[in-house]
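Architecture at a glance
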Amino acid sequence: MLEKTYSPKDIEARMAETWDKAEAFKAGRPDRAGAETYCIVIPPPNVTGSLHMGHALNNTLQDVLCRYERMRGKDVLWQPGTDHAGIATQLVVSRQLADKQIQMRDLGREKFLEKVWEWKAESGGTIVNQLKRLGASCDWSRERFTMDEGLSKAVIKVFVELHKGGLIYRDKRLVNWDPEFQSAISDLEVDSLEVKGNLWHFRYPLKDNPGEYIVVATTRPETMLGDTAVAVHPEDERYRHLIGKTVVLPLVGREILIVGDTYSDPEKGSGAVKITPAHDFNDFEVGKRHNLELINIFDASAVVNENAPEAYRGLGRFDARKKVVADLEELGLVEKIEPHTHMVPHAQRGGAVVEPWLTEQWYVDAATLAKPALEAVRKGETRFVPERFAGDYFRWLENIQPWCISRQLWWGHQIPAWYAEDGEIFVAADEAGAQMLADKHFGRAGVRLTRDPDVLDTWFSSGLWPFSTLGWPDETAELKRFYPTSTLVTGFDIIFFWVARMMMLGLHFMKEKPFSDVVIHGLVRDDKGRKMSKTLGNVVDPLGLIDEFGADALRFALVAQASQGSDVKFARSRVEGYRNFATKLWNAARFTEVNECRRVAGFDPARVETTLAKWIVGETAKAVAETEAAIQSYKYNEAAGAAYRFVWNIFCDWFLELAKPVFNGADETAKAEVRAATAWTLDQILALLHPFMPFITEELWTVTGEEGPARTGVLALSRWPELKGLESAEAEAEIGWLVDTISAIRSVRAEMNVAPGAQVPLVLAGVSAQTAERAARHHDLLARLARLSEVTPADAAPKGSVQIVVRGETLALPLAGIVDVSAERVRLTKALKEAEGDIARCDGKLGNANFMARAAEDVIDEQREKRAEAAERKARIETAIGRLADLG
C-alpha cells in the first residue's frame, strides 16, 4: 500500500540499498554473459571535490544512458573513479598542515605524501558518496583512483615507451608558471581575469640616430629588461624603412633588432611591439621565427635575476615594474601612459598572477600523436555530438603544440627518470632498471643516480583512463570485453585537455579508438544565463536541492533542459516543478491502487477490446518510441519532454479522467479490462521514466509489485518496453477526437474570458454522421469536462457563435449573451497593444548594431525568447479578437 504523501527522503536511501543488494549495477553479471556490452567511463572528478551542478548534469546524462542500455539487456559497465588532482590536493593538505603550524617543506617529501594518503583515506570518498545520492548507477565495486597501483603501473609504462620511441623528451620552452606554487600549470588551471591597468608607451632610441625613437606599447614594463627585438608589421608604412635596423634598449644598453613580423598589429598601440621571447608566448613564437635570443630575467619566484642590470636584481616583478617606469620617466623616454583594461592570467588555485617562464620541462610530441587522432574523427570512427564540436577538436589538434607534462609537485606520479652526475638521463620503469642502463652506459657498476623530483601532469594519467581502468597493461578479461568503450559524455571545455589526449594515447597504445561517440554538453548557468561563481553569489548546491526536492526532481530538471551542446539555464523553480511532477506520478499510482487497478497475469496489450484501453496502449507505444528515439540520438531534453507529456498530459490528465466513468460504471467486463490496461500502462511508465527518475520509479515498482504476479527483480534490471505495432488508428480517431474537442472548447473559453462556472452550448455544424455518433457516445464526458449545457446538431453554425475546427469539421459555441463583447474588445485591444509594445522593444534592441556587438550571447538569447513569447501572445489575442467579430 502506497503512503499518502510522496516523500523522497524516505525512499532514496532504501532504494539505493535495494540496488546494492541486487548488485544491479555490476558489470559482467552471469545472466548477461553473452549480452552486447555498453561501457562509459566517468570523467573522474577531483578527489578533493564536492558535487557541484556541473557534476550533477554530467553524471545524470551518463546515468540516463547507462540505465536505458541496462534495461535493453546489455552488459553495462559504467566505470567510476576519481582523479588524484595534483595541485588541488597538494594545496588542500599543505593548507591543513599550515593551520597546525607545519610547513610542507619541513616535513619532507616522504612524510608529506603519507599525510596526503591519510587525508585521501579520510576525505577522498566525499564526492563518490554524493554521486551515489544523485543516483549514479556506476559499478562501484570497480572504483579506481588515478594513483592506485594498477593505474600507476600503466602511467609508468606509457612514459617509458613514449620516451623510448622519441615521443617524450626534455626541452626548454615557455610554460604557465605559478610563482607562488613554484610549478608549471596547464591552461585549464589558469583563469584569465579582467584587470584595470595601464598601457605604457616607451621610446627606444635608434642606434644610428639616438635622436630618433621608435615607440613601443606594453602592459608589462618590467619585461623590457629581457627584450631582444622590436617588431613592426612588414606592410606598415610608418616603420617599413626601419626593418633591419637596431635600437639601444634603455636601462640595459643592449642593441636589439627591429624585425618585420605580422604579429604586430598596426591598429593597436603604437603599431610597434617590444619582443621578450622568454616572457610572452606570442613573443616566443616571434623569437623562433627570427632566431632571437631568449633572456630569462626572473627566477622561479618571479624575482628579477642576474640576467638584468644590477639595479633591478632582487626586486619582485611588480616592484621592478614601478622602478622601470620611474627610471624611464627620469630619462624622458615615457611617451605616454593610457588607462587600459586587459585580461591577466591568474592561477586557478591560489590566485597568483601566472608568469610565462622559460624553463626546462618534459614534453610529449603531441603533433605526432595527434595525426591518428585526427584521422579517426575524420573517418567517422569516433563522432562528436553535436557535430560542430568536431571543428573545435580539429582546430586544436591541427595547431597542437608540444605538451608539457612535468609539474614541480610532490603529489602525483613521479617521473621515472634518473640523472647521472654529468646530467645524462636514464628512463626506466624502476630504479633498478635505470641503474642497469646507467651502468651499461658508463661501463661500470654503481653509477650514482638521482631521480627527477617532478611529477606528471594530472591529464597524463587521466588520458589513459579508458584502458588503464580496465586493467591495462595486463591483458584482462574486462579490457578484452569493454574496450573500446561506447560513449563519452563530457563538457566542451575539456575536449582538448582530456578527450583529445584519450584519443591520442588510446590509439597509440590500444591501436583502436577509445570510444565511438563523444557527447558534449554545455555549462549549467543561472536563470539569467550567467556562469555560476562565488563572486556573483549565484552558486547552487545540488545536495541542498536533493535534500529539499529529491534527487529525481533535480535530475529531471537538468535533463529536461539539456539541449544538445547548449548551456542549461538553471532555475530552482524548475526543480520544484519536477518535484510536483513526481508527486503527480505518485498520486496517479495511488489513484490506480484505490481503483483496484492490479496487474493481471498474461495481460496482452495487443488483445484489448475496449476503445479506451486500445487508445492508452497505443499512446503508450508512441511515447516509448518517441522517448527511445530521442535517447538514442542523445537529445535528452526531447526524451524527457516526450516522457513528461505522456505521463502528465495523456495518462494523468486525460486517460485517468476518461477512465473514471468506467471504474464507477456497471460494465464489469470493460471495468476489468480498463483496470488491467491501467496497471499495465503504469508499469510501462515506471520503465519509461526510470532512466530519468530512478528512485521514485523503483519504489513504485516495488510497492505495486506486492499484488498480482510476482516481480522477477528490480526495475533497474527489468526490460525496456518493446511496444511496436500496438497503435490503434480506430481508437486514436475516437478518443483523439474527444480530447481535441474538449481541448479546443477549453481554449476558446479561456481566450474569450468565459466564467469557469458558466455552462455553454455546443453546436455540431454540419458534421458527419460518424462525428455525431461520437458526440452522442461521449455526451456525458463532453458535458462534464468542457462544461457544456447541451450538445445539438445543426446544418450550420448559428449566428453569434465562435466556430472551431476539430479534425476538419466545424463545431460552434454560441457565446452571444454569455460574453460581454464590448468589455472583451477593450480588454483584448489593451492586451494587443502591450504585446506589440513588447515586440517593438525587443526589435529595437535586436536591430541595434551597438547592442548586438556589446551584449553577451545569453542577453541576446533572452531578448529573442521574449520576442518569440510576445509574438505568440499577439497571435492568440488576434485570434480572440477575430472570434469576437463573429459574436457581433
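Each remark here, short or long, concerns the structure printed above.
Remember, it's a predicted structure, so these values are computed and weren't measured experimentally.

What counts, and at which threshold
Along each chain, numbering runs from 1 in the same order as the chain's sequence is written. The predicted origin of the model limits local features to residues at a pLDDT of at least 70 and limits the giving and counting of side-chain atom pairs to 80 or more, whereas totals for whole chains, interfaces and linings rest on all residues. Note that the side-chain values use all heavy atoms of the structure and ignore hydrogens as well as water. Helix and strand definitions here come from DSSP, where helices need a minimum of 4 consecutive H or I residues and strands a minimum of 2 consecutive E residues; each element is numbered from the N-terminal end. In what follows, a contact means two residues having at least one pair of non-hydrogen atoms within 4.5 Å. Per-residue and other accessible areas were derived by the Shrake-Rupley procedure at a 1.4 Å probe size, with only the shown protein chains allowed to occlude residues. As used throughout, the charge tally considers Lys and Arg to be positive and Asp and Glu to be negative, leaving His and the chain termini uncounted. Every charge is mapped onto a representative atom, which is NZ of Lys, CZ of Arg, CG of Asp or CD of Glu. The pairing criterion is simple: DSSP has to find at least two bridges between the two strands. Only the stretch in contact is used when a helix axis is fitted, and all axes are lines through C-alpha atoms; the angle between N-to-C directions ranges over 0 to 180 degrees. For every residue, the accessible area (1.4 Å probe, protein chains only) is compared with the maximum for its type, and the residue is labelled buried under 20%, exposed over 50%, or partly exposed between those bounds. The span expected for a helix works out to 1.5 Å for each residue beyond the first. Salt bridge, as applied in this entry: a Lys or Arg side-chain nitrogen positioned within 4 Å of an Asp or Glu carboxyl oxygen. Pairs of N or O atoms are called polar contacts if they sit within 3.5 Å, as long as, within protein, a hydrogen donor faces a hydrogen acceptor (for residues adjacent in sequence, only side-chain-to-side-chain pairs). Here roughly perpendicular refers to angles of 65 to 115 degrees, roughly parallel to angles under 35, roughly antiparallel to angles over 145, and oblique to all remaining angles. Ten residue types, Ala, Val, Leu, Ile, Met, Phe, Trp, Tyr, Cys and Pro, are classed as nonpolar, four, Asp, Glu, Lys and Arg, as charged, and the remainder, Gly among them, as polar. Two rings from Phe, Tyr or Trp (for Trp, the six-membered ring) form a pair when their centres are within 6.5 Å of each other. A pair whose planes differ by under 30 degrees is stacked, one over 60 is edge-to-face, and the rest are tilted. In our convention, an over-ring charge means Lys NZ or Arg CZ found within 6 Å of a ring centre and within 35 degrees of that ring's normal. By definition, any crossing whose near helix is turned counterclockwise from its far helix by less than a right angle is left-handed, and any crossing with a clockwise turn is right-handed. Throughout, disulfides are identified as pairs of cysteine sulfur atoms within 2.5 Å of each other. For patch detection, residues must exceed 30% relative accessible area and be free of salt bridges, and they are connected within 9 Å for like charges or within 5 Å for nonpolar side chains (Val, Leu, Ile, Met, Phe, Trp, Tyr).

1. Remarks on the overall build of the protein
Within the protein, the regular secondary structure consists of 29 helices and 29 strands. With the C-alpha coordinates aligned to their principal axes, the bounding extent of the protein is approximately 105 × 70 × 55 Å. Long-range pairs, those at least 24 residues apart, make up 78% of the contacts in the protein with a sequence separation of at least 6. Total accessible area on the protein stands at roughly 39400 Å², and carbon and sulfur atoms take up 48% of it. Placing the 110 positive and 130 negative side-chain charges of the protein at their respective mean positions leaves the two points 2 Å apart.

2. Digging into the sheet that holds strand β18 (residues 417-419)
In spatial order, the strands read β19-β18-β20; together these three strands make up an open sheet with antiparallel pairing. One side of each edge strand has no neighbouring strand; the edge strands of this open sheet are β19 (425-427) and β20 (450-451). Examined bridge by bridge, β18 and β20 share two bridges and lie antiparallel to one another. Paired with W418 across the strands is R451, a residue of β20. Most of the contacts of helix α12 (residues 431-442) go to β19, to which it runs at about 135°, and overall it touches β18 and β19.

3. A few points about helix α16 (residues 495-510)
Counting buried residues along α16, 15 of its 16 residues qualify, which places the element largely inside the surrounding structure. Looking one or two places after α16, you find K511, whose phi comes out positive at around 60°.

4. Some words on helix α7 (residues 149-164)
Taking 1.5 Å per residue, 16 residues should reach 22 Å; α7 reaches 23 Å between its end C-alpha atoms and fits that length. Three or more residues of α7 are buried, namely L151, S152, A154, V155, I156, V158, F159, V160 and L162.

5. Topic: the sheet that holds strand β29 (residues 809-814)
The four strands are arranged β27-β26-β29-β28 in an open sheet whose pairing can be described as mixed. Every interior strand has two partners, whereas the edge strands, β27 (788-794) and β28 (801-806), have only one. This sheet shows a mean twist of 25° between the axes of neighbouring strands, independent of strand direction. Here strand β26 (residues 760-765) runs beside β27; their pairing, made up of six bridges, is parallel. When the sheet's bridge partners are listed, V763 is paired in β27 with T792.

6. Remarks on the pattern of salt bridges
Counted under the stated rule, the structure contains 61 salt bridges. A salt bridge links E36 to K74; the nearest nitrogen and oxygen atoms lie 3.6 Å apart. Of the two residues, E36 is situated in the loop between α1 (8-22) and β1 (37-41) and K74 in the loop between α2 (53-71) and β2 (75-79); the sequence distance between them amounts to 38 residues. Here R240 ties to E237 by a salt bridge, and the two come within 3.1 Å at their closest N and O atoms. Judged by relative accessible area, E237 falls into the exposed class, the value being 59%. If you follow the salt bridges from partner to partner, you end up with R220, E222, R317, R321 and E355 in one network.

7. A short note on the environment of F281
You can see F281 is positioned in helix α8 (residues 281-290). For F281, a relative accessible area of 35% puts it in the partly exposed group. Leave out the neighbours within four places in its chain, and F281 touches L174, V175, N176 and P356.

8. Side note on the pairing of strand β9 (residues 229-232)
Residues of β9 alternate between two faces, with A229 and A231 on one and V230 and V232 on the opposite face, all of them buried. Pairing geometry for β9 and strand β11 (residues 255-260), over four bridges, is parallel. Bridged to A229 within β11 is L257. Alignment of β9 against strand β12 (residues 272-275), held across four bridges, turns out to be antiparallel. Considered in β12, the bridge of V232 is made with A272.

9. A short note on the environment of R254
Inspection of the secondary structure assignment puts R254 in the loop between β10 (246-248) and β11. Filtering out sequence-adjacent residues up to four positions away, R254 remains in contact with L225, G226, D227, V247, V248, L249 and I295. Within the local environment of R254, its side chain forms a polar contact with the backbone oxygen of D227, the two atoms lying 2.9 Å apart.

10. Details of the packing of helix α19 (residues 572-594) against helix α23 (residues 694-704)
Between α19 and α23, whose axes approach to 11 Å, the crossing angle comes to 5°. Accordingly, the angle class assigned to the pair α19 and α23 is roughly parallel. Residue-level inspection shows A582, L585, W586 and A589 of α19 in contact with α23, the latter providing I696, E699 and L700. Among the residues making up the contact of α19 with α23, the classes are represented as six nonpolar, no polar and one charged.

11. A short note on unusual backbone geometry
Note that the residue after V385, namely P386, is joined by a cis bond; omega there is -5°. Within the secondary structure, P386 is located in the loop between β15 (383-385) and α11 (389-398). Backbone torsion omega between Y483 and P484 reads 0°, so that peptide bond is classified as cis. Along the chain, P484 turns up in the loop between α15 (477-482) and β22 (487-491). Non-glycine residue R807 carries a positive phi angle of around 50°. Assignment of secondary structure puts R807 in the loop between β28 and β29.

12. Describing the packing of aromatic side chains
On inspection of all chains with the given rule, the structure shows 34 aromatic pairs. Ring geometry for W19 against F25: centres 5.6 Å apart, planes inclined by 50°, an arrangement best described as tilted. F25 carries the same exposure label as W19, and that label is buried. An aromatic cluster is built from F556, Y578, F581, Y644, W648 and F692, whose rings are joined through pairwise contacts. The ring centre of F482 lies 5.8 Å from the NZ or CZ of R481, which sits over that ring.

13. Comments concerning the packing of helix α24 (residues 729-751) against helix α25 (residues 769-777)
One way to put it is that α24 packs onto α25 with a least axis distance of 11 Å and a crossing angle of 65°. With respect to α25, the axis of α24 lies roughly perpendicular. Handedness of the crossing formed by α24 with α25: right-handed. Judged by residue contacts, A733, E734 and W737 of α24 engage T771, R774, A775 and R777 from α25. Here the residues of the contact of α24 with α25 are counted per class, giving three nonpolar, one polar and three charged.

14. What to know about the state of the cysteines
One pass over the structure, following the stated rule, counts zero disulfides. The thiol of C39 is unpaired, and the distance to the nearest cysteine sulfur, on C66, comes to 8.2 Å. C39 sits in the buried class, given a relative accessible area of 1%. Considering cysteine sulfurs only, C652 is the nearest to C597, which forms no disulfide, with 13 Å between them.

15. A few points about a negative patch on the surface
Taken together, the side chains of E110, E114, E118 and E122 make up a negatively charged region of the molecular surface. The topology assignment puts E118 in helix α5 (residues 109-123). Overall, E118 belongs to the partly exposed group, its relative accessible area being 41%.

16. Here we look at the side chain of E355
Mapped onto the secondary structure, E355 falls in strand β14 (residues 355-364). Residue E355 is classed as buried on the basis of its relative accessible area, which comes to 1%. The residues touching E355, leaving out its near neighbours within four places in the chain, are V175, N176, W177, P179, R220, H279, F298 and R317.

17. Overview of the environment of D838
Position of D838 relative to the elements: it lies in helix α27 (residues 821-846). Residue class for D838 comes out partly exposed when judged on its relative accessible area of 23%. Taking C-alpha positions, D838 is 54 Å from E143, a pair spaced 695 residues apart along the chain. If we skip the residues at most four places from it in the chain, D838 touches A870 and R873. Polar contacts involving the side chain of D838 include one to the side chain of R841, which spans 2.4 Å. A distance of 2.9 Å separates the side chain of D838 from the side chain of R873, its partner in a polar contact.

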